[in-house]
Each structure stands twice: as structure tokens, then as C-alpha cells.
Amino acid sequence: MTTKPSLFAQYRGGARFRLRMEPRMKQPGWLGLIVSLGAVTFALVLGGIVLMLVGGDPFRAYAFMAKAAFGDIGVFSDTLVKATPLILVSLAAVVAFRMRLWNIGAEGQFYLGAFGASLVVLTPILPPETSPWLMIPAMMIMGMLAGALWGFIPGYLKAKYNVNEIISTLMMNYIAVAWNNYFIFDVWSEGGFQMSRQFPKTAWLPRLTDYSAQVPMFRGLTIHLGFVIALIAAGVVWWIMYRSRWGYEIRLIGDNPRAARYAGINIVRNTILVMMLSGALAGLGGMLEISGVVHRLQGAISSGYGFTGIIIAWLAKLNPILVVPISILFGGLLLAGREIQPSGIPMLIQGIILVCLIGSDFLLRNRIRLVQIGQEA
Amino acid sequence: MSRSMALRLAVLLTLLALALTACGGEEAPEVVGGFEIPAVEEGKFNIAMVLIGPHDDGGWSQAHFEGLEYVAENVPDVHIAYIENVPEGADSEQIFRSLSRKGFDLIFGTSFGYMDPMEVLAEEFPDVTYIHISGIKSNMTNFGNLFGAMENMKYMAGMLAGARAQMDGNPKLGYMATFPIPEEIRLGNAIALGMRETCPECTLDVRWINTWHDPIIEKEAAASLFDAGAQVVFTGADTPAVADVAQEKGKWGVTYDWYGSCKIDACLTAPYWVWGPVYAEIAEGVIAGTYTPGWDYFDGDTGALGLYGFMEGEELQPGVAELPEDVIQAVRDLVADTLVGDFTRFDVFSGPIYDNQGNLIVPEGKALEQVDLDAFPEFGLGCEYCMKWWAEGITAELPE
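Residues numbered from 1 in each chain as written. Chains lettered and ligands numbered in written order. Predicted model: local features only at pLDDT ≥ 70, side-chain atom pairs only at ≥ 80, totals over all residues.

Visitor: Residues and numbers for the overall build of chain A, please.
Guide: Scanning chain A from terminus to terminus reveals 13 helices and two strands. Judged by the C-alpha coordinates and their principal axes, chain A covers about 90 × 60 × 40 Å. Scored against the burial criterion, the 377 residues of chain A give a buried share of 49%. Restricting the contact set of chain A to residue pairs at least 6 apart, pairs at least 24 apart contribute 77%. (Helix = DSSP H or I, 4+ residues; strand = E, 2+ residues; numbered from the N terminus. Buried ≥ 20, exposed ≤ 12 C-beta atoms within 10 Å, placed from the backbone. Contact = placed C-beta atoms within 7 Å.)

Visitor: Quick rundown of the overall build of chain B? Include the residues and the values.
Guide: Tallying secondary structure elements over chain B gives 13 helices and 17 strands in all. By the compact-globule yardstick of 21 Å for 400 residues, chain B fits well, its C-alpha radius of gyration being 24 Å. Taken over the C-alpha atoms alone, chain B extends approximately 80 × 55 × 45 Å along its principal axes. When each of the 400 residues of chain B is scored for burial, the buried share is 55%. Taking the intrachain contacts of chain B between residues at least 6 apart in sequence as the baseline, contacts between residues at least 24 apart amount to 63%. (Rg over C-alpha atoms; globule rule 2.2 N^0.38 Å.)

Visitor: Mind laying out the sheet that holds strand β9 (residues 203-208) of chain B, listing which residues take part and the relevant values?
Guide: Residues and elements named next belong to chain B. Read from one edge to the other, the open sheet built from five strands follows the order β9-β8-β10-β11-β12, with strand pairing classed as parallel. Bordering the open sheet on either side are β9 and β12 (267-269), each of which pairs with just one other strand. Strand-to-strand, the axes of this sheet are offset by a mean angle of 25°, without reference to chain direction. Where strand β8 (residues 172-177) lies against strand β10 (residues 232-235), four bridges are found, and the strand directions are parallel. Each residue of the ladder has a partner; that of Gly174, found in β10, is Val233. (Pairing = 2+ DSSP bridges. Axes fitted to C-alpha atoms, helices over the stretch in contact; angles between N-to-C directions.)

Visitor: Outline the environment of Val50 of chain A, supporting the account with residue identities and numerical values.
Guide: All names here are of chain A. Tracing the backbone through its elements, the reader meets Val50 in helix α1 (residues 29-53). Here Val50 falls in the partly exposed class, since 14 other C-beta atoms lie within 10 Å of it. Residues Val50 and Leu119, 69 residues apart in the sequence, show an inter-C-alpha distance of 46 Å.

Visitor: Describe the sheet that holds strand β6 (residues 129-133) of chain B, with residues and values.
Guide: Strand pairing in a sheet takes place through backbone hydrogen bonds and is either antiparallel or parallel in direction. Residue and element names in this part refer to chain B. A sheet is described by the order of its strands in space; here six strands give the open sequence β4-β3-β5-β6-β7-β14, paired in parallel fashion. The two strands at the open ends of the sheet, each matched to only one other strand, are β4 (78-83) and β14 (295-298). Sheet twist, expressed as the mean angle between neighbouring strand axes with direction ignored, is 20°. As paired strands, strand β7 (residues 143-148) and β14 are joined by four bridges and run parallel to one another. By the bridge assignment, Phe147 is partnered in β14 with Tyr297.

Visitor: Give a description of the packing of helix α2 (residues 58-70) of chain A against helix α3 (residues 73-98) of chain A that names residues and reports values.
Guide: All names here are of chain A. Taken N-terminus to C-terminus, the directions of α2 and α3 make an angle of 80°; their axes are 5 Å apart at the nearest point. Here α3 runs roughly perpendicular to α2, going by the angle between their axes. Facing α2, whose interface residues are Ala68, Ala69 and Phe70, α3 presents Val75, Phe76 and Thr79. A per-class count over the contact of α2 with α3 returns five nonpolar, one polar and no charged. (Parallel < 35°, antiparallel > 145°, perpendicular 65-115°, else oblique. Nonpolar A, V, L, I, M, F, W, Y, C, P; charged D, E, K, R; others polar.)

Visitor: Explain unusual backbone geometry residue by residue, including any values.
Guide: Cis geometry is found at the peptide bond from Thr123 of chain A to Pro124 of chain A, where omega equals -15°. On the secondary structure map, Pro124 of chain A appears in the loop between α4 (106-122) and α5 (132-161). Note the cis peptide between Gly351 of chain B and Pro352 of chain B, where omega equals 0°. Residue placement: Pro352 of chain B occurs in the loop between α12 (345-348) and β16 (353-354). Of note, the phi angle at Ala300 of chain A is positive, near 55°, even though the residue is not glycine. For Ala300 of chain A, a count of 16 C-beta atoms within 10 Å corresponds to the partly exposed category. The residue Ser134 of chain B is not glycine, and still its phi comes out positive at about 80°.

Visitor: Describe the domain arrangement of chain B, naming the residues involved and giving the relevant values.
Guide: When the parts come together, some accessible area is lost, and that loss is often what is quoted as the size of the interface. Residues and elements named next belong to chain B. Here chain B is partitioned into domain 1 (39-148 + 275-302) and domain 2 (150-272 + 309-379). For domain 1 versus domain 2, the distance between C-alpha centres works out to 28 Å. Counting residues at the interface gives 16 residues for domain 1, matched by 22 residues for domain 2. Ranked by residues supplied to the side of domain 1 that touches domain 2, first place goes to helix α2 (residues 60-74) with four residues. Partitioning the side of domain 1 that touches domain 2 into residue classes produces five nonpolar, eight polar and three charged. (Domains from an automatic or database assignment.)

Visitor: Describe in detail the environment of Ile264 of chain B, supporting the description with residues and values.
Guide: Residue and element names in this part refer to chain B. Mapped onto the secondary structure, Ile264 falls in the loop between β11 (252-254) and β12. Its 15 C-beta neighbours within 10 Å are what place Ile264 among the partly exposed residues. C-alpha separation for the pair Ile264 and Met156, spaced 108 residues apart in sequence, amounts to 20 Å. Filtering out sequence-adjacent residues up to four positions away, Ile264 remains in contact with Ala243 and Gln247.

Visitor: Tell me what's going on with the pairing of β8 of chain B, and back it up with residues and numbers.
Guide: Residue and element names in this part refer to chain B. Of all the six residues making up β8, six are buried; the element is thus mostly covered by neighbouring parts of the structure. Where β8 and β9 come together, six bridges link them in parallel fashion. Within the sheet, the bridge partner assigned to Lys172 lies in β9 and is Thr203. With helix α6 (residues 182-198) bridging β8 and its parallel neighbour β9, the resulting β-α-β unit is right-handed. (Right-handed = clockwise from strand over helix to strand, strands pointing away.)

Visitor: Mind laying out the packing of α4 of chain A against helix α11 (residues 305-315) of chain A, listing which residues take part and the relevant values?
Guide: Residue and element names in this part refer to chain A. Direction vectors running N to C along α4 and α11 enclose 130°, while the axes themselves pass 7 Å from each other. Here α4 is positioned oblique relative to α11, judged by the angle of their axes. Between α4 and α11 lies a crossing of right-handed hand. Facing α4, whose interface residues are Ala106, Glu107 and Phe110, α11 presents Tyr305, Gly306, Phe307 and Gly309. In terms of residue class, the contact of α4 with α11 is built from four nonpolar, two polar and one charged. (Left-handed = near helix turned anticlockwise from the far one by under 90°.)

Visitor: Break down helix α7 (residues 215-227) of chain B for me, citing the residues and quoting the values.
Guide: All names here are of chain B. Its 13 residues give α7 an end-to-end C-alpha distance of 18 Å, which sits within 8% of 18 Å, the value for a rise of 1.5 Å per residue. Taken as a whole, α7 has its buried residues at Glu218, Ala221, Ala222, Leu225 and Phe226. Down the axis of α7, the buried set is contained in an arc of 135°. They therefore lie on one face. Seen from the buried face of α7, the exposed residues on the opposite side, beyond 90 degrees, are Ile216 and Asp227. One or two steps after α7, the chain reaches Gly229, where phi turns positive at roughly 110°. (Expected span 1.5 Å × (residues − 1). Arc of directions from axis to C-beta.)

This is the structure:
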């Protein structure tokens with residue numbers, strides 16, 4: 001039997017190269033950002049190819065999307081409205097993921113937060129004529145408590161019985177949606193319709209457009225106070241993570257649980273508390289969405305925000321401040337993408353971006369080098 | 001590849017992306033090859049439509065979309081656009097606002113839950129006309145409500161289905177209803193009233209599926225009704241799943257919404273919508289300034305309602321062609337009366353009507369009025385009889 005020379009072996013004269021992967025010893029801080037940007041760009045190029053394959057003009061399509069999301073103050077206001085729930089669910093993912101707790105349940109915690117806030121208005125715990133100064137904080141607290149409860153359950157199970165939090169939080173998403181459905185189909189249904197009655201104005205977060213009588217240019221700008229609250233939440237999470245002792249513990253557990261245990265850090269307690277904080281943030285997101293945008297409890301209050309938040313947290317490399325601009329970008333992408341018809345195409349592009357981002361993580365942890373065969377060590 | 005090369009590549013790609021967004025030109029095109037971006041066309045009357053499902057769902061949304069296409073073909077100087085798969089909660093207000101900002105003149109929203117966002121935007125954009133299908137609100141100036149007397153066609157479909165069940169020797173029918181709202185109860189009652197017309201011993205079972213569009217749930221609900229013994233099953237939801245399941249089970253299905261939904265042999269008939277003429281009339285009226293949005297409830301004489309197999313150019317489905325000649329003729333006569341306006345929704349709901357508890361709901365010589373068709377007592381709209389009862393023959397209870 002004769003052995004055929006390989007294709008490459010024919011080029012005996014020249015040096016031969018191959019790609020070699022090796023783990024990175026350390027990751028420079030800027031690399032994460034560059035790789036993520038590169039991944040998004042690569043995804044946009046791939047998306048462009050898809051757009052071309054279906055007979056479109058990718059340049060014009062992307063130009064359209066940029067314009068539809070950031071083109072003028074009006075659409076930018078809509079983009080920020082969309083970014084508000086995204087910021088909160090992303091922060092929820094950030095705090096949990098930083099401790100290597102895989103809370104996939106922000107979606108359910110978001111729904112529970114909306115439910116908790118609705119309790120205040122619909123039970124009603126506070127009468128409709130209550131001052132907004134009391135109503136809104138009460139809704140925020142109830143929303144956060146309900147979200148925190150939804151985080152506490154898997155957190156407790158994880159801490160005490162080592163129940164896999166990925167499975168438990170994922171499953172609890174379905175329970176949360178079903179729980180909400182029970183209330184909008186039955187207890188709070190308005191005349192058989194699957195929505196509660198509209199909240200009284202005292203339970204609405206103020207929007208710029210509400211002041212259009214005084215300032216005409218605010219007309220149609222629906223950005224609401226929730227965006228400011230989301231920014232504050234990002235600042236608070238940053239402070240907790242990087243300036244407080246608790247945040248130090250969270251990061252240490254995330255980086256090296258064994259060292260954290262030797263250092264005397266209470267992992268059980270932190271697991272439960274971090275899951276509750278995570279749930280509270282997502283719950284606050286749900287509250288802001290129904291108080292600032294929907295103004296009643298109903299189904300479909302989230303178009304998968306909880307899951308988009310996971311992508312954003314990842315893209316932000318778990319940095320709570322970076323979450324804000326990336327949520328705004330994603331808000332714009334979701335908003336502009338909705339307008340391209342048929343609706344499958346923008347979903348496809350978003351999917352491609354996600355896959356590229358996850359793939360790019362590999363480049364962060366490994367470096368790829370071109371080495372000359374024979375020279376490799 | 002060295003690290004600096006990777007870096008350079010990344011920077012290059014980033015710049016490329018920026019260039020992509022920068023050099024796209026000013027005007028976004030409305031049709032870009034295989035996909036479409038809604039944009040207005042200068043100098044034309046621009047109409048947009050927002051759909052809850054895909055524009056080619058084979059049911060509700062497709063019927064509306066074809067109505068929109070009809071407008072584009074039949075009303076001069078009109079430009080159309082649509083956005084599909086828009087959920088009622090999270091996205092819809094922004095979608096409607098975006099279309100309004102772009103400068104669309106007339107916007108149709110074809111799902112119940114779009115009602116509040118459309119009402120808000122009507123106030124914000126007084127120059128835009130908003131027409132909402134199947135809701136209960138209007139501002140009488142630029143936000144109106146539109147629906148039609150589908151109960152006429154459901155009643156006749158009930159007559160056919162009752163006769164079929166009787167002929168097959170299994171007098172049981174099923175109705176997979178979407179949500180417990182007046183519309184679905186009204187249509188269920190119309191089916192039952194028609195069924196009792198041809199088959200007094202027939203009964204109608206009901207399953208609530210709590211969705212307008214979910215092919216899987218629709219299939220499961222249909223299967224569950226057939227397994228519970230139903231001979232013919234009606235759907236109130238958007239897809240033709242009920243006929244597919246009927247075919248598998250060797251039973252009969254009655255589809256809904258779109259004339260193209262009733263193609264296989266197991267489909268007896270389909271009460272369907274022909275939105276085109278109604279939409280065209282509204283568009284022309286808005287252009288001319290003669291149409292005032294309000295509560296617009298059309299009847300069969302508009303030509304906007306169909307019963308598959310019985311309209312011009314259609315042939316009877318095999319399951320109907322075998323029925324006794326007098327039943328077929330009775331339905332043919334009613335269809336003819338409907339088209340000329342001699343048979344309306346108030347004829348469907350004229351007394352005496354008993355509910356399934358044996359109570360007399362509408363006495364002899366009386367008929368329901370529009371507000372009765374649309375409302376539960378708790379809406380506070382002042383209905384006398386209202387639509388919160390199941391007609392005689394329905395073997396289900398109303399949800400609390």
C-alpha cells in the first residue's frame with residue numbers, strides 16, 4: 001500500500017504553518033470589549049449576507065435600522081423605553097453570574113415583579129386616590145419583594161440542597177407566567193378580557209409626554225421615570241459589586257469559591273442573598289414596565305426580556321455600567337428590527353449576534369497563533 | 001495569527017460596520033428584495049396594518065392582509081405596508097407610534113389588545129385615522145371600531161354541522177373557543193342556534209384554548225373534543241388545525257377566517273371574512289373626508305362575509321354535498337338573503353331563545369340589540385339581554 005503525500009506536503013519548498021490554540025494566561029481588560037465588538041461586527045456581516053441572500057440590500061437595511069432606532073429624538077425616546085426593562089434584567093443577570101450563579105429566571109422574576117406591583121393597585125392595598133409619592137414607591141417595593149421571593153426559592157434550594165439553579169429558575173419562569181395568567185384570566189379579568197383594568201393615573205410613572213402642555217417639544221416622548229430609576233439601579237449595583245464588602249465577597253466566591261470558603265465567607269448566605277438581589281432587580285424591571293408603559297397587568301408584558309438580559313450581561317462582560325449602553329443598543333436593535341417584514345429576518349440577525357458573542361468568548365479564553373510546523377515547541 | 005493582527009482585524013471590522021450604517025443613503029426603501037420595511041410614499045395615501053400573527057397564517061391575519069392588498073389594487077394612489085407578529089402587550093404601542101411618526105394616514109390594528117395603544121395614539125396624532133378591529137372603544141373622531149356579523153355565517157355553519165352529525169348518527173358537536181369574551185360567546189351561541197335548527201337533539205361541547213394563534217394548542221384542543229365524542233368541531237382560533245385533526249380522526253372540522261382554510265375533504269365549511277371591500281370603502285371615505293370613525297358593525301350585505309362552498313364560484317365540500325337537499329337549499333336561501341340584507345345578525349338572535357339552564361333569555365317577538373351582542377352586564381353599557389349566557393344545547397358552563 002502506497003501512502004499518498006498529503007496536499008500540504010507537496011509544497012515542500014515553503015514553510016508550512018498551522019493554527020494552534022493555547023489558553024490565555026491572562027486577559028487584558030480591553031480585550032473583552034474588542035472581541036465583543038468584533039463578534040457583533042462579524043454577526044452584522046453574516047446578517048448582511050443573509051439579507052443579501054433573501055434579495056435585500058444590507059447597507060440600506062442597516063441604515064434603516066440605525067435610523068429607526070436612533071434617527072431622531074422621538075424614536076430615541078422609544079429606544080430608551082425599550083432599554084429600561086433590559087437594563088434591569090441584565091443587572092439581575094450580572095449580580096448572579098458574577099458569583100457564578102446561573103439565574104436563568106429573570107423572565108419569571110420580571111413577571112412576578114409586575115404581579116407584586118399590581119397587588120398594590122388591584123387588591124387594592126392602596127386606594128386609587130393615593131398620592132403617587134406613596135403609590136409608586138409602594139409598587140416598587142412590592143415588585144422588588146415579589147421578584148426577590150422568586151429568587152429566594154431557587155437560591156435557598158441551591159444553598160441548602162445544592163439543587164441546580166439553572167433548572168429551577170428556568171422552570172419557575174413558566175410558573176410565574178401561569179401565575180400571572182391565573183390573575184388576568186380570572187381574579188382581575190376585566191369583563192372576560194385577559195387583562196386587568198387600567199391602573200389609576202396615580203400608579204403611572206411620569207413620562208415626558210405628560211408635560212407636553214407646558215413643554216410642547218415633549219409631545220409623544222414616552223420615556224418615563226423608570227429609565228432614571230434603571231440608571232440609578234446600575235449605579236447602585238456597581239457600588240455594591242466594586243465598593244462594598246459584600247460585592248468583594250460575591251466576586252471572590254465567583255472567582256474562587258474554595259478560597260472564599262477558607263477566607264470564612266458564608267457561601268450559603270451569599271447564595272440566597274444574591275439570588276434575592278437578582279430577583280429584586282428583575283422584579284423592579286417588571287414593575288417599571290407595567291407602571292411606565294402598559295398601565296395594567298396583562299399577558300405578553302415581556303417579549304423575552306429576561307432572556308435578552310442574559311445576552312446583554314454577557315456582552316457587557318458582567319460590568320453593571322456597560323450594561324446601560326449595551327441595553328440601549330439592544331433596545332434599538334429590537335425596536336428597529338420589529339419593523340422589517342417578514343418578522344423572521346430580524347430575529348435571525350439577533351440570533352446570529354448571540355451565537356457570535358458566545359463563540360467569541362472562546363477567543364477571550366484562548367489565543368490562536370499561526371505556528372510554523374517543525375518549529376512548535 | 002498574532003494578537004496584534006487579531007486586534008487589527010477587529011478594528012477593521014468595526015470600521016466596516018460603521019461604514020455600513022453610514023453610507024446607506026437617505027431614504028429607506030419600502031420594499032427591499034425579499035423583505036420589506038414600512039415607509040410612506042410621498043404623494044400617496046399611506047395605509048399601514050398591524051397584525052397579531054404572520055401575514056400568511058392561513059386564517060385571521062391572512063384574511064386581513066389580503067383585504068389590505070385589495071385596497072392597494074382597487075383604491076387609486078394608495079400605498080400599503082404591514083407589520084406582522086406584533087404581541088399585544090410589550091411591543092404594540094411603540095409599533096403604532098413608529099408608524100404614526102412615519103406619516104401613515106390610516107392605520108388598521110387587527111387584534112383586540114391593540115385597543116388601548118391605538119386610543120392613546122389617536123389623541124397624540126389627530127391627523128391619523130386609526131381603525132381597530134374587534135374592540136369596544138372609539139373616540140368618534142379619528143379612532144374607530146370595526147367588526148362584522150360573523151354570527152350569521154356561524155349560524156349557517158351550525159345548521160350544516162348539525163345536519164351532518166345527525167346523518168352520521170352521532171349528534172355531538174364541539175367548539176374550541178379562544179377567550180371568554182362576548183365575541184366568542186356570541187359566535188358559540190350562533191353555532192348552537194343553527195345546529196338546533198337542523199338537529200334538535202344535537203349538543204355542543206366547548207373548550208377554552210386561551211389563544212388566538214397557536215397551531216399546537218389548537219391541534220390538541222381539537223383532538224380532545226374529538227376524543228370526547230364530537231362528530232364535528234368548530235374553531236374560533238386562527239389556523240386550520242381543526243380540519244387536519246378531523247382528517248386524522250375520520251371526523252369533520254369547520255375552519256374559520258380565511259376562504260383558503262377549507263381545502264381538505266374533512267373540512268365541512270368555513271365562515272370567512274372578505275375584508276377588502278370594507279377596507280376599501282373606509283379608505284375611500286377617509287381620503288374623501290366622509291368617513292367618521294365610530295362603531296362600525298357591518299352585515300352580510302357588504303359582501304364582507306362568506307360561507308365556504310356557498311359563495312359565487314365555490315363548490316360544496318364533499319361532506320356538505322352529501323347532506324339532505326332541503327338543508328343545503330335552506331342554507332343557500334339564507335346566504336342569498338344575507339347578501340341582500342334580508343337576513344342579519346338580529347334575525348339570528350331573535351326570540352324565543354332559551355339558555356342551557358332552561359331560562360327564557362329572549363321572548364318571542366323580541367330580538368337582541370347591538371349592545372347585547374357586544375357586552376357583558378358588568379361593562380355598564382346598558383344591555384338588556386347581554387351576551388353572558390350559553391344557548392340551549394351547549395353542554396358547558398360559562399367560566400366565572
